[in-house]
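Coordinate inspection notes
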Amino acid sequence: MDLDVVRTFVAVADAGRFQDAAAELSITQQAVSKRIATLEKSLGVRLFTRTARGATLTIDGQAFLPHARDLLRAEERAVASVRPGRRALRVDVIGRRLAPADLLRDFHRAHPEVELDVVTLFDADAAVNAIRSGTIDASFRAVTMPGRQLPDDIGAARVLDEPIQFLTGPAHELAAARAVTPAELVGHRIWMPGIVPGTEWGAYYDALAAAFGLTIEITGPDFGTEPLLDTIADSRSLATFVGEQTRFAWPADHGLRRVAVRNPTPVYPHSLLWHRDNAHPGLAALRDHLHSGRRDHSDAGSWTPAWA
């Protein structure tokens with residue numbers, strides 16, 4: 001249904017005169033008459049009765065009026081849903097337990113007026129494609145992997161360097177350590193079944209293993225976080241890496257230990273990606289917030305891959 005025609009019908013119903021409706025809509029009285037005639041023809045009923053004082057709704061016109069108003073309200077909601085600043089800011093956080101989700105929660109607390117839609121996409125390629133297509137407004141990712149460059153229309157800013165920790169069960173020989181060096185982890189089995197080759201986090205841990213001669217195993221099915229923690233808790237030899245801000249909850253009897261890694265400290269480089277032409281005011285607010293509160297651990301005592 002032509003919404004301009006519906007809008008004209010409502011204007012005539014409210015004004016009571018074709019001439020007044022034409023003035024309100026900035027069109028000619030003839031155009032108003034044509035639109036009403038088109039609507040009446042498509043509905044198969046008369047909507048107005050012309051009188052000396054103007055136009056009055058017929059019984060059918062009275063029945064149609066509330067539905068016509070609903071159509072115009074639906075149009076307003078549809079337009080608002082995609083208008084910059086009116087629709088929700090859609091952001092990819094990789095995982096809801098990971099550090100980017102914390103960054104976005106901090107932003108929401110500081111800017112509760114910005115409506116957020118939080119999504120989780122698979123990898124950096126999917127995120128970049130979604131940004132370019134307009135499916136999302138921004139994504140937290142590690143960039144760029146070896147041999148790859150971001151498209152020119154994608155902006156990026158480093159927003160957090162997150163220290164990596166060594167997670168063990170209580171029976172592991174390093175469980176009592178307050179901190180370990182990468183050199184002390186050589187020869188230990190580090191199990192990370194959630195790593196997918198070809199992803200940016202896969203590239204990060206490949207580089208980490210190569211830089212320090214570590215053994216990172218990705219064999220076996222990935223049943224999720226809880227089964228991984230169960231296995232680590234019961235093992236004397238298996239451990240894993242986790243981000244310092246990764247949120248975990250485990251039973252008290254697991255006795256899991258988070259051990260800091262130092263000299264140097266591997267840090268995971270989180271960046272925010274966005275389309276350079278995106279004018280959503282919420283995106284500008286998010287970028288400003290992250291810039292003002294950036295937590296940078298990339299000093300002489302830290303390590304990140306050369307490609308980051």
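Here, the structure is the one placed above.
Parameters and conventions
- Residue numbers here run from 1 along each chain, matching the order of that chain's written sequence.
- Local features in this predicted model are restricted to residues whose pLDDT is 70 or higher, and side-chain atom pairs enter the listing and the counts only when it is 80 or higher, whereas totals over whole chains, interfaces and linings include all residues.
- Water and hydrogen atoms play no part in the side-chain values, which are based on all heavy atoms of the structure.
- Only DSSP runs of H or I reaching four residues or more are called helices, and only runs of E reaching two or more are called strands; each is numbered from the N terminus.
- For the radius of gyration, the atoms used are the C-alpha atoms, and the globule rule reads 2.2 Å times the number of residues raised to 0.38.
- Burial status follows relative accessibility: with a 1.4 Å probe on protein chains alone, a residue under 20% of its type maximum counts as buried, one over 50% as exposed, and anything between as partly exposed.
- In what follows, a contact means two residues having at least one pair of non-hydrogen atoms within 4.5 Å.
- To measure how exposed things are, a 1.4 Å probe is used in the Shrake-Rupley method; for residues, cover is taken only from the protein chains shown.
- The charge count treats Lys and Arg as positive and Asp and Glu as negative. His and the chain ends do not count.
- In plain terms, the charge of a residue is placed at NZ if it is Lys, CZ if Arg, CG if Asp and CD if Glu.
- Counting of polar contacts relies on pairs of N or O atoms within 3.5 Å, with two restrictions inside protein: one atom must be capable of donating a hydrogen and the other of accepting it, and residues adjacent in sequence are counted only when both atoms are side-chain atoms.
- Multiplying 1.5 Å by the helix residue count minus one yields the expected span of that helix.
- Regarding the arc, it is the one traced by the directions from the helix axis to the C-beta atoms.
- Only residues above 30% relative accessible area that lack a salt bridge enter a patch, with like-charged residues linked at up to 9 Å and the nonpolar side chains Val, Leu, Ile, Met, Phe, Trp and Tyr linked at up to 5 Å.
- Think of a salt bridge as a Lys or Arg side-chain nitrogen and an Asp or Glu carboxyl oxygen that are within 4 Å of each other.

A few points about the overall build of the protein chain
A tally of helices and strands in the protein chain yields nine helices and 13 strands. For 308 residues, the compact-globule estimate of 2.2 N^0.38 gives 19 Å, and the protein chain exceeds it by more than 25% at 30 Å. Along the longest, intermediate and shortest principal axes, the C-alpha atoms of the protein chain span 95 × 40 × 30 Å. Considering the protein chain as a whole, with its 308 residues, one finds that 45% of them fall into the buried category. Contacts spanning at least 24 positions in sequence make up 75% of the contacts within the protein chain whose residues lie at least 6 apart. Working note: accessible area of the protein chain is about 15900 Å², and carbon and sulfur atoms make up 51% of it. In the protein chain, the 34 positive side-chain charges and the 38 negative ones have mean positions that sit 6 Å from each other.

Points about the side chain of D102
With respect to the helices and strands, the residue D102 is situated in helix α5 (residues 99-110). Look at D102 and you get buried, because its relative accessible area is 12%. Looking at D102, its side chain comes within polar contact range of the side chain of R105, at 2.4 Å. Ignoring any residue separated from it by four or fewer positions in sequence, one finds D102 in contact with Q245 and R247.

As for helix α3 (residues 29-43)
In this model, α3 (15 residues) spans 21 Å end to end at C-alpha, consistent with the 21 Å of a helix rising 1.5 Å per residue. Listing the buried residues of α3 in full gives V32, I36, L39 and E40. One face of α3 carries all of its buried residues, which in axial projection span an arc of 100°. Turned more than 90 degrees off the buried face of α3, the exposed positions are Q30, K34, K41 and S42. On its buried side, α3 packs onto α1 (3-15), α2 (18-25), β1 (48-51) and α4 (59-82). Looking at the residues trailing α3, positive phi occurs at G44, about 80°.

Considering unusual backbone geometry
The omega torsion across N263 and P264 is -5°, close enough to zero to call that bond cis. Its location among the elements puts P264 in the loop between β11 (257-261) and β12 (265-275). In this structure, S26 takes a positive phi of about 60° despite not being glycine. As for its position among the elements, S26 is in the loop between α2 and α3. Of note, the phi angle at N263 is positive, near 60°, even though the residue is not glycine. Relative to the helices and strands, N263 is located in the loop between β11 and β12.

Section: a nonpolar patch on the surface
On the surface, a nonpolar cluster with roughly 270 Å² of combined accessible area is contributed by M1, L43 and L71. On the secondary structure map, L43 appears in helix α3. Classification of L43 by relative accessible area gives partly exposed; the value is 32%.

Interpretation in functional terms is not warranted from these geometric data alone.
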